[in-house]
Amino acid sequence: MSSADTKAVEARCVRLNAKAENAAAVAPVVERHMLTRGPNDLLIEVKAAAVNPSDVKAATGLMPYAVFPRTPGRDYAGVIIGGPAGMIGRDVFGSSGDLGIRRDGTHASHLVVEADAVVEKPKALSWEEAAGIGVPFVTAMEGFRRAGLPKSGETVLVMGVNGKVGQAAVQIATWQGARVIGVVRKAEAYEGHSNAPVEVIDASATDVAARVRELTGGKGADIVFNTVGDPYFQAAHKALALRGRQILIAAIDRIVQFNILEFYRGQHTYVGIDTLGLSSVATGAVLRDLGPGFANGRLKPFPIRANAIYPLDRAREAYVAVAGSSRDRVILRP
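Basis of the calculations
- Here the residue numbering is sequential within each chain, running from 1 through the sequence in written order.
- Reporting of local features is limited, given that this is a predicted model, to residues whose pLDDT is at least 70; pairs of side-chain atoms are given and counted only at 80 or more, and all residues count toward the totals for whole chains, interfaces and linings.
- To get the side-chain values, all heavy atoms of the structure are used, and hydrogens and water are removed first.
- Buried residues of nine kinds, namely Ala, Val, Leu, Ile, Met, Phe, Trp, Tyr and Cys, make up a nonpolar core once their side-chain atoms join them within 4.5 Å.
- Each residue is placed in one exposure class: buried if its accessible area under a 1.4 Å probe, protein chains only, is under 20% of its type's maximum, exposed if it is over 50%, and partly exposed if it falls in between.
- Counting from the N terminus, the helices are the DSSP runs of H or I reaching at least four residues and the strands are the DSSP runs of E reaching at least two.
- Residue contacts are defined here by distance: any two heavy atoms, one from each residue, within 4.5 Å place the two residues in contact.
- In this scheme, strands are said to pair when DSSP sees at least two bridges between them.

Chemist: In this structure, what is going on with the nonpolar core? I would like to understand it.
Modeler: Residues F144, I172 and L290 are the most contacted members of the largest nonpolar core, which totals 44 residues. At the level of secondary structure, the elements contributing two or more residues to this core comprise strand 3 (41-50), helix 2 (127-131), helix 3 (134-147), strand 8 (155-159), helix 4 (164-175), strand 9 (179-184), strand 11 (221-226) and helix 8 (280-295). It is helix 4 that provides the largest number of residues to this core, a total of seven residues. With residues near it in sequence (within four places) discarded, L290 still touches F137, M141, I172, W175 and L299.

Chemist: Can you help me understand the pairing of strand 5 (residues 91-94) in this one?
Modeler: Within a regular beta strand, the side chains point alternately toward one face of the sheet and then the other, so they alternate between its two faces. Two elements, strand 4 (residues 76-82) and strand 5, share four bridges in a ladder whose sense is antiparallel. By the bridge assignment, A77 is partnered in strand 5 with F93.

Chemist: For this particular structure, what's the right way to read the environment of D313?
Modeler: Relative to the assigned elements, D313 resides in the loop between strand 14 (309-310) and helix 9 (315-323). A C-alpha to C-alpha distance of 9.9 Å links D313 and E31, two positions 282 residues apart in sequence. In this structure D313 touches R12 and V30, once residues within four positions along its chain are discounted.

Chemist: Sorry if this is basic, but what is going on with unusual backbone geometry here?
Modeler: Glycine aside, residues mostly have negative phi, and peptide bonds are mostly found in the trans state. With an omega dihedral of -10°, the bond running from F68 to P69 counts as a cis peptide bond. With respect to the helices and strands, the residue P69 is situated in the loop between helix 1 (53-59) and strand 4. Unusually for a residue other than glycine, R243 sits at a positive phi of about 65°. If you trace the backbone, R243 turns up in strand 12 (residues 240-248). The phi dihedral of Q267 is positive, around 55°, even though this residue is not glycine. Overall, Q267 belongs to the partly exposed group, its relative accessible area being 37%.

See the structure below:
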């Protein structure tokens, strides 16, 4: 490992040169670009980068502030090759709300990012595992930070429990000592890591709110983490305990029926989370809060399957897999 500070490098970058009509029409190319770091930046050799649904959505123009042309990608893990002397050679990972959307991102051999944005990679994690933490765990943790971290003895209801954000929410809530109830669309078990048993409700066969009341002795859920949005909005509302909090991160239909009387009588709180609004530095702060959990094994990275890892020149296949709602955590490896 060289200890010299690299100021500029020719990087191989996945490029989206124009907005695509739909996910199938996304046409990334690999180009060479010079990257130069500023005085407060780091230059990182990217070892692995995750592909998120937001990467594909931004490619099809669903994020009005996304710029073209650009290099997509929000999550990464790699080695610092340029920056302050004490940081050269460190293994780091990170994520961002603006990388890959408003400015060039992580789907490249190298990346320029602010020095305050990176987090030390837990030693036990592979490059691919560290790169896969990003957006799902940041979304889940930011939701809990804003709604109030679950406490021991509280009940957290996770709607869409087998999605990546749902699994991250389960891990964090059970790490904090809360009880978790999960909701699935059709009969299936919870498939992620957890620090305590997770009771699963099949929404296709059961009245979710009634079952939650049954499981909590009539009280309801202290926190509902709704990763799906409007399809579960009413069930989430009816499942909330007095002073319960609902976290919302997604929508299919934007408009829902909202009972204001029940809302204020229940003294409820609704928290909206959009991690695209978090800078790289703000995202780094959220990831640092998760560090102890990954270090002590209470939090575990998503398993990365060999057939879900793609080289940069197969980026299009990786994007299509994510657009097709692949359950795998899809990774690009430069």
